[in-house]
Amino acid sequence: MRRYIILILSFITLITITLAQEEISIAKDFVYLMSQGDYEKAVGYFYSSVSAVISSSKLKEIWESLIKGVGSYEGIIEERTEESGNYKIVYLTTKFSNAYIDIKMVFLNKNIVGLFFLPAQIKSFNTPPYVNLEAFEEKDLKIGKDFVLAVKLTIPKGKGPFPVVIFVHGSGPNDMDETVGPNKIFRDLAWGLSSFGIATLRYDKRAKIYPQEFSKYEDGFTVMEEVIVDVLYAIEFVKTQEEIDKSKIFILGHSLGGMLAPRIASLSKDVKGIIIMAGPTRLLEDLIWEQINYIANLDGKIDEKEKEQLELIKKEVEKLEDPELATKYSLSMNILGAPVKYFLDLKNYDPVKTLSELNISALIIQGERDYQVTIKDFEGWSILSNNREY
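Residues numbered from 1 in each chain as written. Predicted model: local features only at pLDDT ≥ 70, side-chain atom pairs only at ≥ 80, totals over all residues. Heavy atoms only, no water.

### Comments concerning helix H9 (residues 284-296)
At step 1: The terminal C-alpha atoms of H9 lie 18 Å apart, and with 13 residues this matches the ideal 18 Å at 1.5 Å per residue to within 8%.
At step 2: Listed in full, the buried residues belonging to H9 are Leu284, Glu285, Leu287, Ile288, Gln291, Ile292, Ile295 and Ala296. One face of H9 carries all of its buried residues, which in axial projection span an arc of 165°. (Helix = DSSP H or I, 4+ residues; strand = E, 2+ residues; numbered from the N terminus. Expected span 1.5 Å × (residues − 1). Buried < 20%, exposed > 50% of the residue type's maximum accessible area, 1.4 Å probe, protein only. Arc of directions from axis to C-beta.)

Below is the structure:
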């Protein structure tokens, strides 16, 4: 079954949420309006930045495409909520004639800022054919100090010690499996690697378990607090495990994690090599703007209302492009989903240059049809010296 997802603005989803019954009511009304074909009234629930990429006509296209794929709408089966600081997330599990779909809505000030159509959560996940469950064992452990995180360490059976791969998530409050709909990306990779003699470690991301803590940084925060510190804890942790070959510790980073992999390796002498999966080489604000324009142009046209709203988003991007960003705006000011401090930190980081200065192995992988991190980013890595293999 196809997966229908609408991605709104959150390249960096450092969200904090409080839940309220009113958002559940709005979510239900929004779905009802779509089912009745009243798209003009439905988009009235959108936050202004969302309206820039999803007009009433686009919402109609999205809903009709969903109906074509999963059959006619039959009703809401159940609801559930999550919290992540200033935002409120509502999931409505809905029944269609040929499938169950989770309609996920992210709210800010009672307006929808994110809309996703996902296969309904299922209790069991298929095991990939390359996995041999008899070839390894899995341990449930903990890492961290101030922010303790659950981890899973997969250890191949047989004589060790074994090389180990530590997984680093993409943006957003990911779980240890990097679960997306019916897919468990990191779990499948971990089980696959351990089926062939390589240990792995994966953990819940700090933004998933402690979202409320990010609002406590008065001057904002950076990827150090969001990502890197916990990876360094993971590196130190695997060094204490007798089944692990401490001379063969590798980092696998996906998306944001891939971009940060060279920086992580530069901070730890224990990293033997890195694997970069869809790792950006451009500034985040450039990626965000490119993604929004891609979505807005899916139907081949942009009406006047969309142009006006795209211009509002462009102004937010221009704030980040301002050479005086550091002095003109507060470090804690939120722009496009993250504080100014977050963007300033990344502007001072060049992943390609950092990797070129490391004496380690690197495997860089990219999907040709990826519109979030594109071939343009992959080509950005190509300026590295010719003595490396790709």
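There is more to say, and it comes next.
### What about the pattern of salt bridges?
Pairing between side chains of opposite charge can happen when the charged atoms of each approach one another.
At step 1: Per the stated rule, a full pass over the model turns up 25 salt bridges.
At step 2: For Lys110, the salt bridge goes to Glu22, with nearest N and O atoms at 4.0 Å. Within this pair, whereas Lys110 is found in the loop between strand E3 (100-108) and strand E4 (111-119), its partner Glu22 is found in helix H1 (residues 21-35), the two being separated by 88 residues in sequence.
At step 3: Owing to a relative accessible area of 43%, Glu22 belongs among the partly exposed residues under this scheme.
At step 4: Ionic pairing is found between Lys376 and Glu290, a salt bridge with its closest N-O pair at 3.8 Å. Residue Lys376 is located in helix H14 (residues 375-380), and its partner Glu290 is located in helix H9; the two are separated by 86 residues in the primary sequence.
At step 5: With a relative accessible area of 48%, Lys376 lands in the partly exposed category.
At step 6: A network of salt bridges, in which partner residues are shared, links Glu138, Asp177, Lys184 and Arg202. (Salt bridge = Lys/Arg side-chain N within 4 Å of Asp/Glu carboxyl O.)

### Brief notes about the environment of Leu336
At step 1: One can find Leu336 in the loop between strand E13 (334-335) and strand E14 (338-339).
At step 2: Put simply, Leu336 and Ile166 are 170 residues apart on the chain and 29 Å apart in space, counted from C-alpha to C-alpha.

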